[in-house]
Amino acid sequence: MKWKWPSASPLTQQGRIPAQGELMRRQRITESPWWLGTSLGCLLYLEDPNQLPPRLAGPRWPAPELLPAEQLAAACQRVLRADPAVYTPVLEYGADEGYEPLRRGLAAWLARHYRVTPDPRRICITGGASQNLACLLQSFTDVHVTRAVWAVAPVYHLAVPIFNDAGFGPGRVHATPEDEDGVDVDALERKIRALEREEQGKDFGKPSKRPDPKRKFYRHLIYVVPTCANPSGKSMPVTRREALVQLARRHDALIVCDDVYDFLQWPLEGPVTAARPPEMRLPRLCDIDLSLPRAASDPAGFRHTVSNGSFSKISGPGVRTGWAEASPAFAAGLASTGSTRSGGAPSQLCAGMLCDLVDSGALERSIDEVLRPALQRRHRLLLNAVRARLAPRGVTLRESSLTGGGAGSFGGYFLWLGLGEGSGYSADLVAHVAREEENVIIGHGNMFTVQDEETRTLFEDRFRLCFSWLPEKDLEEGVERLEQVLIRIEENREHYRAVEDRLLGENADMKQHV
């Protein structure tokens, strides 16, 4: 079945807003290829809403034309048609630490990028950032020892269920705020100290997990995306990164850094080049941590940070392969996670293919010659459309990832927009109306809260747009439709106030809109 969006919704063509509860008529289209837009727009017209393809197939996906399919196919052929000494290891169970040639290749590539000394002992191959987050929680936290998980909010919303699955349910995952430079370290420290005072003298029982000399249980876990954060797009300057590392050392915290967007940055002006200025090579927190003397409270040298890297954003999510980089002691402990020891490192075959692309330089060329230029174009198109159509309606935006002297670049997949002061309506309402009347799907701000907190940090005036998935020609169309939504809400406030009241009264789960 094939689909496309019409140029305007049937109700818009009739020049009226829908009656309360009325859904837009769906139309089947058979003339052109189907596609699924998400986060910015899922502009599909269907007779049967149940025929929608999976809506999660897009908010964090690269567009199909950006996937290095030919390079991966050629790498697979080279690996599997090579000498048995080459293909046998990638078809058998792998070493717990991961495919050694990839660990060496990654160490060299990452060292060139971040300008550090390569050390394969610091690297452990994983099944991607999400799978590895679960392994980190299994190996380095215990619900009777680890007092809290601190999630920098707005938070990547799909990380929170992973914390929940590890036993950190309601009251154990806490939001901590950002400011213009990323995580507000002072606010985080105040929250940690307040929790420590509140729980002082309480008996939380013995650890639920058996102690292991290769691992330790941290007292706190801090989850952060330091570079081009999802959803805010902010990057933490060096001084803020240093301050966060020092905080972790003071409070026996493990900082888990999702460093998945580090390679996907570009200048706001001028062409993308392989040479990157310092603001696009910011040091990782794990490198800052290792540059400091070992803390007296850390005799085994586990340190307090881990970089959670992934090939999903730079090759393709389907390869399900990533890496963790930390201290050698920490990497060895992660490699001893039970599921890894049972089956060996995950993604062994894909690790062999990706090793080929890393060692040959093909992956780096794809990033610099395809991915970064394409994302720069898409970001610029979306940014210009927002300036032209949404900013006049009071919508605010952040134009660069860094503030101050590094404010000449951007990165990642998203724009984080605000409705502006005094709009009088919420992003939840905008998301609902956009979907029902224009079939445009946006990420409303409250989906990026820690949902189970007793007192939630709310982002009612914020929403996220994604520019990585939609065809470039459709980005402007999606923003035009969103503009029409804002106009209709402003011109028919009484009607839409009733719609918003009904949504609140029904306690609607707005996560359906992403």
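Not measured: the values here are computed from a predicted model.

Thresholds, definitions, all that
Residues numbered from 1 in each chain as written. Predicted model: local features only at pLDDT ≥ 70, side-chain atom pairs only at ≥ 80, totals over all residues. Heavy atoms only, no water. Helix = DSSP H or I, 4+ residues; strand = E, 2+ residues; numbered from the N terminus. Core = buried A, V, L, I, M, F, W, Y, C linked by side-chain atoms within 4.5 Å. Buried < 20%, exposed > 50% of the residue type's maximum accessible area, 1.4 Å probe, protein only. Domains from an automatic or database assignment. Pairing = 2+ DSSP bridges. Contact = heavy atoms within 4.5 Å. Axes fitted to C-alpha atoms, helices over the stretch in contact; angles between N-to-C directions. 1 Å grid on protein atoms, 1.4 Å probe; cavity = no way out; pocket = protein on both sides within 12 Å on 5 of 7 lines; lining within 4 Å. Points joined across faces, edges and corners; volume = space filled by probe spheres on them. Patch = residues over 30% accessible without salt bridge, like charges linked within 9 Å, V, L, I, M, F, W, Y side chains within 5 Å. Areas by Shrake-Rupley, 256 points an atom, 1.4 Å probe, with all protein chains shown as cover. Salt bridge = Lys/Arg side-chain N within 4 Å of Asp/Glu carboxyl O. Lys, Arg positive; Asp, Glu negative; His and termini not counted. UniProt positions renumbered as here; feature names shortened; annotations may be inferred.

1. Regarding unusual backbone geometry
Inference 1: In this structure, Pro154 follows Ala153 across a cis peptide bond, with omega equal to 10°.
Inference 2: Looking at the element boundaries, Pro154 is found in the loop between β2 (148-153) and α6 (160-165).
Inference 3: Here the residue pair Asn230 and Pro231 is connected by a cis peptide bond, since its omega of 15° sits within 30 degrees of zero.
Inference 4: For Pro231, the position within the fold is in the loop between β5 (220-224) and α8 (238-250).
Inference 5: One non-glycine residue, Arg320, lies in the positive phi region at around 45°.
Inference 6: With respect to the helices, strands and loops of the structure, Arg320 is situated in the loop between β8 (305-310) and β9 (322-325).
Inference 7: Even without a glycine there, the phi angle at Asn439 is positive, about 55°.
Inference 8: Here Asn439 lies in the loop between α14 (427-438) and β12 (443-444).

2. Topic: the nonpolar core
One recurring pattern in soluble globular proteins is that nonpolar side chains are buried together.
Inference 1: The biggest cluster of nonpolar side chains holds 115 residues, and the ones touching the most others in it are Phe163, Tyr223, Phe311 and Ile314.
Inference 2: When residues in this core are grouped by element, the largest group, 11 residues, is from helix α13 (residues 362-390).
Inference 3: Two domains share this core, each providing at least three of its residues, namely domain 1 (69-362) and domain 2 (365-511).
Inference 4: Grouped together as the second largest cluster of nonpolar side chains are 20 residues, Ile192, Val224, Ala253 and Cys257 included.

3. Here's the deal with the sheet that holds strand β11 (residues 414-418)
Inference 1: Overall, antiparallel pairing links the 3 strands, which are arranged β11-β13-β12 in an open sheet. With partners counted over all chains shown, the strands left at the sheet margins are β11 and β12, one partner each.

4. Some details on the sheet that holds strand β3 (residues 173-179)
Inference 1: One open sheet accounts for 8 strands, arranged β1-β9-β8-β6-β5-β2-β3-β4; its pairing is mixed. Edge strands, defined here as strands with exactly one partner in the open sheet, are β1 (123-126) and β4 (182-183).
Inference 2: In this sheet, β5 lies alongside β2 in parallel orientation, the contact comprising 4 bridges. Its bridge partner lying in β5, Val149 is registered against Leu221.
Inference 3: Lying on the sheet, helix α4 (residues 100-114) is in contact with β1 and β9; it crosses β1 at an angle near 115°.
Inference 4: Along the sheet, helix α10 (residues 328-335) contacts β1, β6 (253-258), β8 and β9; its crossing angle with β1, the most-contacted strand, is approximately 30°.

5. Description of empty space enclosed by the protein
Inference 1: Applying the stated criterion across every chain, the model contains 8 cavities of 30 Å³ or more.
Inference 2: Taken as a whole, the largest cavity encloses approximately 90 Å³ of empty space.
Inference 3: What lines the largest cavity is a set of 15 residues, among which Val152, Glu178, Val224, Val225 and Ala229 lie closest to the centre.
Inference 4: Contributions of two or more residues to the lining of the largest cavity are made by β4 and β5.

6. Overview of the environment of Ala134
Inference 1: Along the polypeptide, Ala134 turns up in helix α5 (residues 129-140).
Inference 2: Along the chain, Ala134 and Ile162 lie 28 residues apart, while their C-alpha atoms are 6.3 Å from each other.

7. Observations concerning the pairing of β2
Inference 1: Buried residues dominate β2, accounting for 6 of its 6 residues.
Inference 2: Here β2 shows a buried face lined by Ala148, Trp150 and Val152 and a second buried face lined by Val149, Ala151 and Ala153.
Inference 3: Of the pairings in the sheet, the one linking β2 to β3 comprises 5 bridges and is parallel in character. Within β3, the position partnered with Ala151 by the bridge is Ala175.

8. Structural notes on a nonpolar patch on the surface
Inference 1: A cluster of nonpolar side chains, contributed by Leu80, Leu91 and Leu349, occupies part of the molecular surface with about 230 Å² of accessible area.
Inference 2: Within the element layout of this structure, Leu349 appears in helix α12 (residues 348-360).
Inference 3: For Leu349, a relative accessible area of 30% corresponds to the partly exposed category.

9. Remarks on the side chain of Glu500
Inference 1: By the secondary structure assignment, Glu500 is in helix α16 (residues 493-505).
Inference 2: No salt bridge is formed by the buried Glu500. Its closest oppositely charged neighbour is Arg497, at 6.5 Å.
Inference 3: Dropping the residues within four chain positions of it, Glu500 is found in contact with Tyr425, Ser426 and Leu429.

10. Some remarks on the UniProt feature "coiled-coil region" (unreviewed entry) in the protein
Inference 1: In this numbering, the UniProt entry assigns the feature "coiled-coil region" (unreviewed entry) to residues 472-499.
Inference 2: Measuring from the first to the last C-alpha atom of residues 472-499 gives 33 Å, for a span that is 96% helix and 0% strand.

11. Regarding the pattern of salt bridges
Inference 1: Here the structure, examined in full by the defined rule, presents 33 salt bridges.
Inference 2: Among the salt bridges present, the one from Arg378 reaches Glu65, with a minimum N-O distance of 2.8 Å. One end of the pair, Arg378, is in helix α13; the other, Glu65, is in the loop between α1 (10-13) and α2 (69-80), with 313 residues separating them in the sequence.
Inference 3: We classify Glu65 as exposed; its relative accessible area is 53%.
Inference 4: Glu472 is paired through a salt bridge with Arg377; the nearest N and O atoms lie 3.1 Å apart. Here the residue Glu472 occupies a position in helix α15 (residues 472-491), and Arg377 occupies one in helix α13, the gap between them amounting to 95 residues.
Inference 5: Members of the salt-bridge network, linked through shared partners, are Glu437, Glu438, Glu477, Arg481 and Arg488.

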